Amino acid sequence: MTQYNMGKILVTGGAGYIGSHTVVELQQQGFEVIIIDNLSNSHAGVVDRIAEITGIRPEFHRFDLIDWKETKAFFESHRDLSGIIHFAAFKAVGESVEDPLRYYRNNLDSLINILQGMKDYKVKNLVFSSSCTVYGQPDSLPVKETSPIKEAWSPYGNTKQMSEQILRFSVGTYGLKTIALRYFNPTGAHESALIGELPIGIPNNLVPFITQTAIGKREFLRVFGSDYDTPDGTAIRDYIHVVDLAKAHIVAVNRMISGGTKSDFEIFNLGTGNGFSVLEVIRSFEKVSGKKLNYRIVERRSGDIEKVWADTSLANGELGWKSEKSIDEMMLSAWNWELALAKSSAKK
Ligand code: NAD
Ligand code: WQD
């Protein structure tokens, strides 16, 4: 069994999609993990699945991080944290447009409470989940960390921009270290098919919509727009396997713990550096699943950008991290996860 000799890491939002995969990687690298999650977008069963994969049950606390009393009590009783990875946030772009205050309150108050706890209880190291959404539609591609931050397209995107600013102005003053990781489009699932993305209701994101269509939960996929200025007319994104993404967090945590950071506040793009169009993603899915996907080309989705992919040279060079998994591996693992979900709900 893995020994806890690397330190104790608090993972907020650890029952969620990216958080759960990161907890697995942390435990497998010998970190002791404590999860805080209010299960607003996840299920307690995820903690069981994590334990099934790693053989170690992470300590789990269910409460809302916007509650300072609860957050303070947690810090009070956990005085030996080596670092924090802060995933907890709401992430649905459309929902944020419908109820912006709910998004500002959840995403900003939870971050402020975490920072307050770090300041008061002397926890130094924070990894923060940021997003490529902060770039909007970049003027040149691939997009670099130094590219200008554009006017936000949604309250959700704005919470990520504001969070980065809150961090930028807080770290120096309070003697903290932060690494903000700007994820591109996370997709796929753990190879065990025990954890994966669990969208509540109708998925907004492309890949869960594809797998749910293929399994028969949705009638057809709407491909939003075929008149973009791209080789096949459909929009381009940088899809990255969630396990590759999870591994980057371990590198970031180690960099901070070992004192390897070059400034108090570092930012890294996490993508593959390759863009795939919606039609290319569909082709990959059809190839690995052996299933023909029912899809229709429809109008563009409002608020969508045309194309974006990452310049990953900073993460490759500085972190020594590189994504390893191909688009086919992303699609196959996402499909196996959908099949596993269908099997487990058939059993009930
Ligand atoms: P997720 O919804 O699966 O996970 C977030 C978890 O945080 C959930 O389990 C939820 O219950 C929990 N949570 C939310 N608010 C909370 C609160 N106030 N207190 C306690 N727990 C709370 O989302 P994810 O896809 O794993 O995303 C993780 C992080 O990465 C988020 O910050 C998200 O904005 C960011 N991100 C995600 C994507 C993506 O496409 N998935 C892309 C870029 C950035
Ligand atoms: C990908 C492509 C769609 C669904 C969102 C957030 C962003 C970030 C990642 C958190 C686009 C097309 C999709 C469908 C489709 N999240 N599509 N039919 O829009 O790049 O980014 O998730 O930070 O902030 O905005 O991801 O998966 O929704 O879409 O044709 O049913 O697939 O138009 O081109 P997106 P997505």
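Refer to the structure printed above.
Residues numbered from 1 in each chain as written. Chains lettered and ligands numbered in written order. Predicted model: local features only at pLDDT ≥ 70, side-chain atom pairs only at ≥ 80, totals over all residues. Heavy atoms only, no water.

Chemist: Help me understand the overall build of the protein chain, please; the structure alone is not making it clear to me.
Modeler: Within the protein chain, the secondary structure is distributed over 11 helices and 13 strands. For the protein chain, the C-alpha radius of gyration of 19 Å lies close to 20 Å, the compact-globule estimate for 348 residues. Taken along the three principal axes of its C-alpha coordinates, the protein chain extends 55 × 50 × 40 Å. Going through the 348 residues of the protein chain one by one, you find that 53% of them count as buried. Carbon together with sulfur atoms contributes 50% to the accessible area of the protein chain, which is approximately 15,400 Å² in total. The centroid of the 39 positive side-chain charges in the protein chain is displaced by 2 Å from the centroid of its 41 negative side-chain charges. (Helix = DSSP H or I, 4+ residues; strand = E, 2+ residues; numbered from the N terminus. Rg over C-alpha atoms; globule rule 2.2 N^0.38 Å. Buried < 20%, exposed > 50% of the residue type's maximum accessible area, 1.4 Å probe, protein only. Areas by Shrake-Rupley, 256 points an atom, 1.4 Å probe, with all protein chains shown as cover. Lys, Arg positive; Asp, Glu negative; His and termini not counted. Charge placed at Lys NZ, Arg CZ, Asp CG, Glu CD.)

Chemist: So what exactly am I meant to see when it comes to the site of ligand 1 here?
Modeler: In the vicinity of ligand 1 lie 27 residues, with Asp37, Asn41, Ser42, Asn106 and Tyr156 positioned nearest. Asp64 places a side-chain nitrogen or oxygen 2.9 Å from a nitrogen atom of ligand 1. Those elements giving two or more residues to the shell around ligand 1 turn out to be helix H1 (17-28), strand E5 (125-131) and helix H6 (155-174). With three residues, the top contributor of residues to the shell around ligand 1 is E5. For the shell around ligand 1, the per-class residue count stands at 13 nonpolar, 10 polar and four charged. (Near = heavy atom within 4 Å. Polar contact = N/O pair within 3.5 Å; in protein donor to acceptor, adjacent residues only side chain to side chain. Nonpolar A, V, L, I, M, F, W, Y, C, P; charged D, E, K, R; others polar.)

Chemist: Just checking my understanding: could you explain the sheet that holds strand E6 (residues 177-183) for this structure?
Modeler: Paired through their backbone hydrogen bonds, the strands of a sheet run either parallel or antiparallel. Read across the open sheet, the seven strands follow the order E3-E2-E1-E4-E5-E6-E11; overall the sheet is parallel. Looking at the sheet topology across the chains shown, the edges are occupied by strand E3 (59-61) and strand E11 (265-270). Each strand axis lies, on average, 20° off the axis of its neighbour in the sheet, ignoring direction. Here helix H5 (residues 100-121) sits on the sheet and contacts strand E1 (8-12), strand E4 (83-86) and E5; the angle it forms with E5, its principal contact strand, is near 165°. (Pairing = 2+ DSSP bridges. Axes fitted to C-alpha atoms, helices over the stretch in contact; angles between N-to-C directions. Contact = heavy atoms within 4.5 Å.)

Chemist: Honestly, the packing of aromatic side chains in this entry has me stumped. Any pointers?
Modeler: For any two aromatic rings, the description comes down to two numbers: the centre-to-centre distance and the angle of the planes. Under the criterion given, the structure shown has six aromatic pairs. Ring geometry for Phe63 against Phe74: centres 6.5 Å apart, planes inclined by 45°, an arrangement best described as tilted. Separated by 11 residues along the polypeptide, Phe63 in the loop between E3 and helix H3 (68-77) and Phe74 in helix H3 bring together distant segments of the chain. Take Phe63: its relative accessible area is 7%, and that puts it in the buried class. Phe74 sits in the buried class, given a relative accessible area of 3%. Judged by centre distance (5.9 Å) and plane angle (85°), the ring pair of Phe74 and Phe75 falls under edge-to-face. Across the pair, exposure class does not vary: Phe74 and Phe75 are buried alike. One aromatic cluster is present, formed by Phe63, Phe74, Phe75 and Tyr121 through successive ring pairs. (Phe/Tyr/Trp six-rings, centres within 6.5 Å; stacked < 30°, edge-to-face > 60°.)

Chemist: Just checking my understanding: could you explain the pattern of salt bridges for this structure?
Modeler: Opposite charge on two side chains allows them to pair when their charged atoms are near. Within the structure shown, the criterion is met by 21 salt bridges. Residue Arg79 pairs with Glu76 through a salt bridge whose shortest N-O separation is 2.7 Å. We classify Glu76 as partly exposed; its relative accessible area is 39%. Residues Arg182 and Glu164 are paired through a salt bridge, measuring 2.6 Å at the closest nitrogen-oxygen approach. (Salt bridge = Lys/Arg side-chain N within 4 Å of Asp/Glu carboxyl O.)

Chemist: I would appreciate a short explanation of H3 in the present structure.
Modeler: Residues spaced three or four apart along an α-helix face the same direction, because each turn holds 3.6 residues. What H3 keeps buried is the set Thr71, Phe74 and Phe75. End-on, the buried residues of H3 take up no more than an arc of 95°, which puts them together on one face. Along H3, exposed side chains directed more than 90 degrees from the buried face belong to Lys69 and Ser77. Where H3 is buried, its residues contact E1, strand E2 (32-36), E3, E4 and H5. At the N-terminal boundary of H3, the capping side chain belongs to Asp67, with an oxygen 3.0 Å from the backbone nitrogen of Lys69. (Arc of directions from axis to C-beta.)

Chemist: Help me understand the site of ligand 2 in this model?
Modeler: Looking at ligand 2, there are 19 residues lining it, with Ser131, Tyr156, Arg222, Arg237 and Asp304 nearest. With respect to ligand 2, the side chain of Tyr156 contributes an N or O atom lying 2.6 Å from an oxygen atom. The backbone of Arg222 places a nitrogen or oxygen atom 2.6 Å from a nitrogen atom of ligand 2. Considered on its own, ligand 2 offers 680 Å² of accessible surface; in the complex 88% of this is hidden by protein. Secondary structure elements with two or more residues in the shell around ligand 2: helix H7 (206-215) and strand E8 (221-224). The element best represented in the shell around ligand 2 is E8, accounting for four residues.

Chemist: I would appreciate a short explanation of H7 in the present structure.
Modeler: For H7, the tally of buried residues reaches nine of 10 residues, placing the bulk of the element in the interior. Among the residues making up H7, those that are buried are Leu206, Val207, Pro208, Phe209, Ile210, Thr211, Gln212, Thr213 and Ala214. At the C-terminal side of H7, Gly216 shows a positive phi close to 100°.

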